[in-house]
Amino acid sequence: MDLLTMTATQLAAAIKEKKVTVSEAVQAVLAQIEKTEALYHCYITVDKEKALERAKEVQKKIDAGELSGPLAGVPVAIKDNLCTEGLLTTCGSKMLGNFVPAYSAQAVKNLEEAGAVLIGKTNMDEFAMGSTTETSFFGVTKNPVNPEYVPGGSSGGSAAAVAAGECFFALGSDTGGSIRQPASFCGVVGMKPTYGTVSRYGLVAYASSLDQIGPLCKDVTDCATILEVLATHDEKDSTSLNRNDTDFTAALVEDVKGMKIGIPKDYFGEGLDPEVKAAILKAAEVLQEKGAIVEEFDLSLTEYAVPAYYTIATAEASSNLERFDGVKYGYRTPDYLGLHNMYKKTRSEGFGAEVKRRIMLGSFVLSSGYYDAYYLKALRVKALIKKAFDEAFAKYDVILGPVAPTTAPKLGESLSDPLKMYLGDIYTISVNLAGLPAMSIPCGKDEKGLPIGLQLIGDCYKEKNLIRAAYTYERAVAADVCANTEADGNGKGEV
Amino acid sequence: MVKQYETVIGLEVHVELASKTKIFCGCSTAFGGAPNTHTCPVCTGMPGSLPVLNKQVLEYAVAVGLATNCEITRFSKFDRKNYFYPDNPQNYQISQLYLPICRNGSVEIETESGKKQIGIHEIHMEEDAGKMIHDESGNFSLVDYNRSGVPLIEIVSEPDMRSAEEVIAYLERLRMLIQYLGASDCKLQEGSMRADVNISVREAGCETLGTRTEMKNLNSFRAIARAIEGETARQIALIEAGEKVIQETRRWDDGKGESFTMRSKEDAQDYRYFPDPDLVPVLVFEKFLAEIKDRQPEFREAKMERYQREFDIPAYDIDIITGSKHMADLFEETVALGAQPKKVSNWLMVETLRLLKENGMDPEDIRFSPKHLAALIKLTDSKAINSTVAKEVFEKMFAEDIDPEKYVEDAGLKTVSDEGALRSVVEEVIANNPQSVEDYRNGKEKAIGFLVGQTMKAMKGKADPAVVNQLLKELL
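Residues numbered from 1 in each chain as written. Chains lettered and ligands numbered in written order. Predicted model: local features only at pLDDT ≥ 70, side-chain atom pairs only at ≥ 80, totals over all residues. Heavy atoms only, no water.

Caption draft 1: Quick peek at the packing of helix α13 (residues 434–441) of chain B against helix α14 (residues 447–458) of chain B. All names here are of chain B. Axis separation between α13 and α14 bottoms out at 8 Å; the angle between their running directions is 145°. As for how α13 packs across α14, the hand of that crossing is left-handed. Taken together, the residues of α14 that come into contact with α13 (itself represented by Ser 436, Val 437, Asp 439 and Tyr 440) are Ala 447, Ile 448, Phe 450 and Leu 451. The residue inventory of the contact of α13 with α14, partitioned by class, reads 6 nonpolar, 1 polar and 1 charged. (Axes fitted to C-alpha atoms, helices over the stretch in contact; angles between N-to-C directions. Helix = DSSP H or I, 4+ residues; strand = E, 2+ residues; numbered from the N terminus. Left-handed = near helix turned anticlockwise from the far one by under 90°. Contact = heavy atoms within 4.5 Å. Nonpolar A, V, L, I, M, F, W, Y, C, P; charged D, E, K, R; others polar.)

Caption draft 2: View of unusual backbone geometry. All names here are of chain A. Here the residue pair Gly 153 and Ser 154 is connected by a cis peptide bond, since its omega of 10° sits within 30 degrees of zero. Residue placement: Ser 154 occurs in the loop between β3 (117–122) and α5 (156–163). Even without glycine at this site, Cys 91 takes up a positive phi of about 60°. Relative to the elements of secondary structure, Cys 91 occurs in the loop between β2 (75–79) and α4 (106–113). For Cys 91, a relative accessible area of 0% puts it in the buried group. (Buried < 20%, exposed > 50% of the residue type's maximum accessible area, 1.4 Å probe, protein only.)

Caption draft 3: Layout of the packing of aromatic side chains. Residue and element names in this part refer to chain A. By the definition in use, this model includes 28 aromatic pairs over all chains. Residues Phe 137 and Phe 138 carry aromatic rings whose centres are separated by 5.2 Å and whose planes lie at 85° to one another, so their mutual orientation is edge-to-face. Taking the relative accessible area as the measure of exposure, Phe 137 reaches 48% and is therefore partly exposed. Here the aromatic residues Phe 99, Phe 127, Phe 324, Tyr 329 and Phe 351 are joined through ring pairs into a cluster of three or more. (Phe/Tyr/Trp six-rings, centres within 6.5 Å; stacked < 30°, edge-to-face > 60°.)

Caption draft 4: Fine view of a nonpolar patch on the surface. A cluster of nonpolar side chains, contributed by Phe 364, Tyr 370 and Tyr 374 of chain A, occupies part of the molecular surface with about 280 Å² of accessible area. Using a relative accessible area of 37% as the deciding quantity, one classes Tyr 370 of chain A as partly exposed. (Patch = residues over 30% accessible without salt bridge, like charges linked within 9 Å, V, L, I, M, F, W, Y side chains within 5 Å. Areas by Shrake-Rupley, 256 points an atom, 1.4 Å probe, with all protein chains shown as cover. Salt bridge = Lys/Arg side-chain N within 4 Å of Asp/Glu carboxyl O.)

Caption draft 5: Up close: the domain arrangement of chain B. Residue and element names in this part refer to chain B. Split by domain assignment, chain B resolves into domain 1 (5–287), domain 2 (299–411) and domain 3 (419–475). Distance from the C-alpha centre of domain 1 to the C-alpha centre of domain 2: 35 Å. Across the contact, 8 residues belong to domain 1 and 12 residues belong to domain 2. Carbon and sulfur atoms make up 61% of the surface buried where domain 1 meets domain 2, a total of about 870 Å² over both sides. Run the count over domain 1 and domain 2 and you get 2 salt bridges. Ionic pairing is found between Asp 365 and Lys 187, a salt bridge with its closest N-O pair at 2.7 Å. Here domain 1 is connected to domain 2 by 3 residue pairs in polar contact (both at pLDDT 80 or more). With 6 residues, the single largest contributor to the side of domain 1 that touches domain 2 is helix α2 (residues 164–181). Of the residues in the side of domain 1 that touches domain 2, the class split is 5 nonpolar, 1 polar and 2 charged. (Domains from an automatic or database assignment. Buried area = accessible area lost by both parts, 1.4 Å probe. Polar contact = N/O pair within 3.5 Å; in protein donor to acceptor, adjacent residues only side chain to side chain.)

Caption draft 6: A look at the side chain of Lys 121 of chain A. Residues and elements named next belong to chain A. Inspection of the secondary structure puts Lys 121 in strand β3. Of note is the side chain of Lys 121, whose polar atom sits 2.8 Å from the side chain of Thr 84. Excluding residues that lie within four positions of it along the chain, Lys 121 makes contacts with Tyr 43, Ile 44, Thr 45, Ile 78, Lys 79, Asp 80, Leu 82, Thr 84, Leu 87, Leu 88 and Thr 89.

Caption draft 7: Quick look at the sheet that holds strand β10 (residues 438–445) of chain A. Residue and element names in this part refer to chain A. Read from one edge to the other, the open sheet built from 11 strands follows the order β1-β3-β2-β4-β6-β5-β10-β11-β9-β7-β8, with strand pairing classed as mixed. Each edge of the sheet is formed by a strand with only one pairing partner; in this case those strands are β1 (43–46) and β8 (293–297). Strand-to-strand twist of the sheet, defined as the mean angle between neighbouring strand axes without regard to direction, takes the value 30°. Relative to strand β4 (residues 169–174), β2 is paired through 3 bridges, and the arrangement is parallel. Within β4, the position partnered with Val 76 by the bridge is Phe 169. (Pairing = 2+ DSSP bridges.)

Caption draft 8: Expanded view of the interface of chain A and chain B. Of the residues lining the interface, 37 residues belong to chain A; the matching set on chain B comes to 31 residues. Roughly 2,800 Å² of surface becomes buried between chain A and chain B when both sides are summed, with 57% attributable to carbon and sulfur atoms. Ranking the residues of chain A by area buried against chain B places Ser 238, Glu 322 and Arg 323 of chain A at the top, with a combined share of 23%. Run the count over chain A and chain B and you get 2 salt bridges. Residue Asp 278 of chain B pairs with Arg 200 of chain A through a salt bridge whose shortest N-O separation is 3.2 Å. Breaking the side of chain A that touches chain B down by element, the ones donating at least two residues are α9 (302–320), α10 (338–350) and α11 (353–366) of chain A. The element best represented in the side of chain A that touches chain B is α9 of chain A, accounting for 5 residues. Counted by class, the side of chain A that touches chain B contains 16 nonpolar, 11 polar and 10 charged residues.

This is the structure we're talking about:
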């Protein structure tokens, strides 16, 4: 039995049936890391000793009948912008290169209580700013499907770790597509839930009003199961929702008869790769064959999403990142003359180019005299985008489209043209602006063998519609969405 | 002809609220404590931490707004004020700029020239900063975040005041209202009430406002009055000399009796205010408002009127007692325990005020309980102790809030009124003071006072003076 071909829920079931021990599962993952990590570099920190120790503890609890949940004993990887008590949390930045939090994020605590075993912290674009995981201070992560390509970002380390079998599932964060886009590029399942569904307490903020934590995993069943564990009300987060409809696994039903699916014409215009387009439309046909009512419509305002997003997100980021100043924790410049000089040198040396670009952009749009023209206007656009979605969801249960205009770009191709990189977020960011839930599920590959992701967008609180549609699709195509366990570290690991 | 000038003054008053925990986390607001012991990830700005509004802070802010006739903002928000300084762990202060919780209020003040309304532009909630401790060497500074996140309200007045007298009356008025609400102890010296004074001058009769300066570091009413006088004179002198007043923030040095430039308008930072995305808007519903209205206390004016109706005590006493919510509560609770109002008032007006003055304390600092004051009055009423002993017991009670009954019992301070027990002492006093005895017998009635005193002294004050007097007369 090859453990690594199992999904998270299959593994937990096997552990429960005593076919596998937790230690065996953890060791299998550690062995895979040993084998492929040097090439892929999914992790910033691997906590080998603690993981093995924790495996024994969890096994004891399972044996004693104290832990019986669907994730008990499953090895998990955590994006490095989620605080983990006693374990380095860098956000992919030199600025936090030595930062060890005194507390764990609520999402991490939920997983630990469910018996998941933390393997390590995954690589990411610095402070989640980027779409390729190339802006990390700790080096690039490579796409396990083909290591000449990027894994996407900013949760690229998490997506790659799942795809490479270096964990059974991972947590990411999604501010403008940072879960869905890497999931799409690496051929795994990813979900950004409705804003407020997962507590942000302990997530190092990029753009507070848009950030949301979610799973990256091997299939739709895992996705629903993990989300069920993550989605709890948290009094420590003012924006945390108190939902009573978080039994997401109840939506794992193979039935879309009568489900109304809208395809926004706006998402199929200029810039969309023909191969991606074909794969998405084919997926829509599959759902139609299964009984869904599929039609095209005009969503509108799509072209305004990118500028509105980069105004709001950078404004919030410019303020959120002020606390990294060399005073209390993290990096401090070794030589300085006085306070002002210490601030300036610490931040100049501690932040990378993309982070500085966004801090400057955000500071500018909040400046006196520009606030109304940029920030307030962007907030008005955000409200209009939400309204456009409200109108669409009056007609449709699910909106279907691509996650990204293309498949993964080659390493080193993106950073030289930030504007082009920002435009790559066009299909994902309006979802964050409107606070909606959305999923990325694999729907085929292009000629280069790179995965294509299908995006399903739901109305607020309607994750179940997405799960039902995704589950039905997954069953229908029996797509190979499992981890690429054939990956052998030489870049020819496609299955 | 000498020009007449008018001083125009507006105030920004910061008041530290009395909530037990901080505005955005559960840490204690208690004063003191070793540095950085009243802290958590939230109030030290750790990565990933999030603020959650303390409901008590909102209740106090709304209560103060209602007491100052403000409109309560039904949809209010918090904004971030961005600036870098190490006492501010996130490098932004969470405050309210765009939609403050209270607006358009007023309070009435009374000065020698009569009554006047002072407008309140707004009241907003915000967090306090930590405290910097600069090493004497000048090589480094330390920061203590115990104060970081302590809740404040800032009360911004309209530029409606024209003199130091009006400013003091306004501050006294605010302090009284807020103390009555229990929302703060409002101590200027300790910084739980801080006032920044905006001052400009203009020629009398002029409609437009002159260029203003903002004065900081005013730690007492006296400093405020002196600073207003000093700044008015400085600005008039500038204008008379044909120079311009520069818009700036100045720091008052009360020791030197003058102010110094802190920063000019040109140096003013762009705070890049924007709504804090980590906090949700504050919605004030009718029910919440009604509950706070129901809980509003009886304010001073109503209390004064009621005291006049209900208690037979002088107007002067009423003025002093109601001048402090704490003292008024103490008075009412002691009376409710059965003590005669006039006697309670006497203890407060005479001994309490004396001890407060001697110890440099405010009425808010009184620590003895109504129960113990009532017990002390009962002991004197029943003549169990005499007035000299009572004063001694009261001092002890003032200092440590001891139980007077137990204390009198334990220290053996009960008045001796038993003739048998006193007779031998009186006889001894007569024997030891032949001169006074002779004076008395020669018709000097006053000499008996000396003999009573000697007996009391021998009895360490515990004798019943009436019985002693009677015995002396009998034996002489």
